[in-house]
Amino acid sequence: MDRQLGNPGPVKLELLTDTAAGELLTLQQAAYLTEARAHQNFDLPPLMDTLDDVRAALADPSIAIWGFRDDGRLVAAVRMRADGPVGEIGRFVVAPDRQGEGLGTALLAAAEEATPAEVTVFRLCTGERSAGPLYLYRKLGYRETHRSPEADYQLVHLEKPRMREPG
Ligand SMILES: CC(C)(COP(=O)(O)OP(=O)(O)OC[C@H]1O[C@@H](n2cnc3c(N)ncnc32)[C@H](O)[C@@H]1OP(=O)(O)O)[C@@H](O)C(=O)NCCC(=O)NCCS
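Reference entry: report on the structure contained in this document. (Residues numbered from 1 in each chain as written. Predicted model: local features only at pLDDT ≥ 70, side-chain atom pairs only at ≥ 80, totals over all residues. Heavy atoms only, no water.)

Another aspect to go through is the nonpolar core. In terms of nonpolar packing, the biggest core is built from 25 residues, with Phe68, Val78, Ile89 and Tyr142 touching the most fellow members. Looking at this core, the elements that each hand over two or more residues are β2 (10-15), β3 (63-70), β4 (73-83), β5 (86-94), α5 (103-114), β6 (121-127), α6 (131-139) and β8 (153-161). The biggest single contributor to this core is α5, with six residues. Judged by nonpolar contacts, the second largest core, of 22 residues, contains Ala21, Ala57, Leu74 and Val93. (Core = buried A, V, L, I, M, F, W, Y, C linked by side-chain atoms within 4.5 Å. Buried < 20%, exposed > 50% of the residue type's maximum accessible area, 1.4 Å probe, protein only. Helix = DSSP H or I, 4+ residues; strand = E, 2+ residues; numbered from the N terminus.)

Written out as structure tokens, the structure reads:
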């Protein structure tokens, strides 16, 4: 699927496989630095992942990792783990130089759409100081369910029921 988004051109949706492990790890580490700074926690799970962890996730049949490529470059990625009726979203990243172009919104929507029909609710969480992601999630229909303590801040848990096509 090609989507025309922002500047400079079309980006391509791709289900990532083992060959993307290295660039996925690099993208994740670059993107999550802002969150680490905001929460003064540099041990965030996405920053602690090793190459083997990323490889294991790519090989896990319950996890789909979607990415956007622009002219071959991986510029965004998101992880969707299906657990019965629940789709757990994580490791949601856009390359720092490509943020604010709508890539994150489009990728999350594409990942939700591509998730098997058995999944009836999507869940995710983020740190309470992640104002940007919280704004984006709320705008996309996610609602807060609860908070849980993490280091010296709270994790905000959100969910969204899956929209059914009429008929
Ligand atoms: C969160 C993230 C994936 C969003 O990707 P993106 O491509 O920049 O998001 P979009 O361009 O689709 O933004 C959608 C809206 O959210 C806002 N937004 C998203 N991230 C923002 C941020 N960090 N700061 C301020 N606003 C932000 C945008 O301004 C935009 O608002 P608008 O629709 O009113 O114009 C990206 O900022 C990122 O990789 N952040 C670091 C990693 C992270 O925090 N991941 C999520 C943790 S749970």
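Additional details are given in the paragraphs that follow.
Turning next to the side chain of Asp70. When you line up the elements, Asp70 lands in strand β3. For Asp70, the side chain forms a polar contact with the side chain of Arg98, separated by 2.8 Å. (Polar contact = N/O pair within 3.5 Å; in protein donor to acceptor, adjacent residues only side chain to side chain.)

At Gln40, a residue that is not glycine, the phi angle is positive and equals roughly 45 degrees. As for its placement among the helices and strands, Gln40 is situated in the loop between α2 (33-39) and α3 (45-48). Positive phi is not limited to glycine here, since Ala151 has a value of about 50 degrees. Judged by its relative accessible area of 66%, Ala151 is exposed.

Here the structure, examined in full by the defined rule, presents 16 salt bridges. The closest approach of N and O atoms between Arg147 and Glu144, which form a salt bridge, is 2.7 Å. Among the residues examined, Arg147 registers a relative accessible area of 38% and is labelled partly exposed. A network of salt bridges, in which partner residues are shared, links Glu128, Arg138, Glu144 and Arg147. (Salt bridge = Lys/Arg side-chain N within 4 Å of Asp/Glu carboxyl O.)

Our focus in this paragraph is the site of the ligand. For the ligand, the set of nearby residues contains 22 residues, the closest of which are Phe92, Gly104, Thr105, Tyr135 and Lys139. With respect to the ligand, the backbone of Val94 contributes an N or O atom lying 2.8 Å from an oxygen atom. Between the ligand and the protein, one listed contact pairs an oxygen atom with a backbone N or O atom of Gly100 at 2.8 Å. Within the complex, the protein chains bury 74% of what would otherwise be the 880 Å² of accessible surface of the ligand. Given that more than half its atoms are within 2 Å of the pocket grid, the ligand belongs to the largest pocket. Considering each element in turn, the shell around the ligand owes the most residues, six residues, to α6. Residue composition of the shell around the ligand, grouped by class: eleven nonpolar, eight polar and three charged. (Near = heavy atom within 4 Å. Areas by Shrake-Rupley, 256 points an atom, 1.4 Å probe, with all protein chains shown as cover. 1 Å grid on protein atoms, 1.4 Å probe; cavity = no way out; pocket = protein on both sides within 12 Å on 5 of 7 lines; lining within 4 Å. Sits in = over half its atoms within 2 Å of the grid points. Nonpolar A, V, L, I, M, F, W, Y, C, P; charged D, E, K, R; others polar.)

Bringing the layout of surface pockets into the picture now. Which parts of space are left empty comes out when a probe the size of a water molecule is rolled across the atoms. The volume enclosed by the largest pocket comes to roughly 1100 Å³. Ranked by residue count, the leading element in the lining of the largest pocket is β5, at seven residues. Partitioning the lining of the largest pocket into residue classes produces 19 nonpolar, 15 polar and nine charged. (Points joined across faces, edges and corners; volume = space filled by probe spheres on them.)

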